[in-house]
Amino acid sequence: MSKNTRKKSPKTPTGKPAGAKTVSKARNTPKNTSKGASKKPAGAPGKTASAKTTKATVQKSTRSAGNKPAKASHKAASKPLRPISRRESVAPVMAAPKAQTAKPPVVTPPAAETPDFKTSAAGPRQPGLSEGAKAPAFRLPRDGGDSVSLGDFKGRKLVLFFYPRADTPGCTKEAIDFSRLSGAFAESNTAVLGVSADPLKAQEAFRDKHQLVTALVSDEQHEMLDAYGVWGEKSMYGRTFLGISRTTVLVGADGRIIRIWRNVKVDGHADEVLAVVRTL
């Protein structure tokens, strides 16, 4: 090797590698760092990097938020809602049906009426009417314009059939049956009178319409009806009203009551009464 070459090459300690000094410096570096750490917290550099990362994330989120609208807390309607006018908002309330109280059906009492009596228009029901008792006296107008009384039938038997109303189905059948058997009753020395609260004009129309031959008595003031206990408050289908219970009374020739039929069923009733009369 020439002299010039030896001058230019760096001096290297004998027996030590060329990189040994560099390694030694690297090993001494932590000492310098730890020495400076007493003046400045060790975590400061990491905190700064974390803050920069957070700031960059916020800026990125802000840019993303500017491009996309924030999601709502609930799903938006698929179609825009049309504004409801005042008329539409009020109409359902006005059109709502009102609660209606159920009304009981109106029931027209049939011809055959239930004699569930409590009181009468003139006072309490007469409790003394019974078989064997003396028949209450009466004098009332009858069809044709005449009047009739209990004394008119002295010495003869008398059938009094009380019916609720003239020209109703049950009353019509009953009156026709007694008219049909009037001759048979006469043969047994027995008179027949039909009695109701209908006015005299209604009784005569009833007679003419069905060609009745039995006398029909009008007791509009309920004098005879109360005396015989056939007028009062009745109950039917949960409804109460005043009226006549269909009743038949058989009075003997001595003026005393022989037999009383209450709650009369029209079918066959006239024939039953005639059968009893014939046994006397």
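Residues numbered from 1 in each chain as written. Predicted model: local features only at pLDDT ≥ 70, side-chain atom pairs only at ≥ 80, totals over all residues. Heavy atoms only, no water.

### Structural notes on the overall build of the chain
The secondary structure content of the chain amounts to nine helices and nine strands. Put simply, the chain has 280 residues, and 32% of those count as buried. Of the contacts made within the chain by residues no fewer than 6 positions apart, 67% connect residues no fewer than 24 positions apart. (Helix = DSSP H or I, 4+ residues; strand = E, 2+ residues; numbered from the N terminus. Buried < 20%, exposed > 50% of the residue type's maximum accessible area, 1.4 Å probe, protein only. Contact = heavy atoms within 4.5 Å.)

### With respect to helix H9 (residues 269-278)
Taken residue by residue, H9 has His269, Ala270, Val273, Leu274, Val276 and Val277 as its buried positions. Seen along its axis, H9 keeps its buried residues to an arc of 160 degrees; they face one direction. At its buried positions, H9 is contacted by strand S3 (157-162), helix H5 (169-180), helix H6 (182-187), strand S4 (190-196), strand S8 (247-251) and strand S9 (257-261). (Arc of directions from axis to C-beta.)

### Concerning the pairing of S8
Counting buried positions along S8 gives five out of five residues, so the element sits mostly inside the fold. Of the two faces of S8, the one carrying Thr247, Val249 and Val251 and the one carrying Thr248 and Leu250 are both buried. Here S3 pairs with S8 via five bridges, running antiparallel. Residue pairing across strands places Phe162 opposite Thr247, the latter belonging to S8. Direction of pairing for S8 relative to S9: antiparallel, over a ladder of four bridges. (Pairing = 2+ DSSP bridges.)

### Description of the packing of H5 against H9
Interhelical geometry of H5 versus H9 gives an angle of 40 degrees and a closest axis separation of 8 Å. Accordingly, the angle class assigned to the pair H5 and H9 is oblique. For the pair H5 and H9, the sense of crossing is right-handed. Residues Glu174, Asp177, Phe178 and Arg180 of H5 lie in contact with H9, whose contacting residues are His269, Ala270, Asp271 and Val273. Of the residues that constitute the contact of H5 with H9, the class distribution is three nonpolar, one polar and four charged. (Axes fitted to C-alpha atoms, helices over the stretch in contact; angles between N-to-C directions. Parallel < 35°, antiparallel > 145°, perpendicular 65-115°, else oblique. Left-handed = near helix turned anticlockwise from the far one by under 90°. Nonpolar A, V, L, I, M, F, W, Y, C, P; charged D, E, K, R; others polar.)

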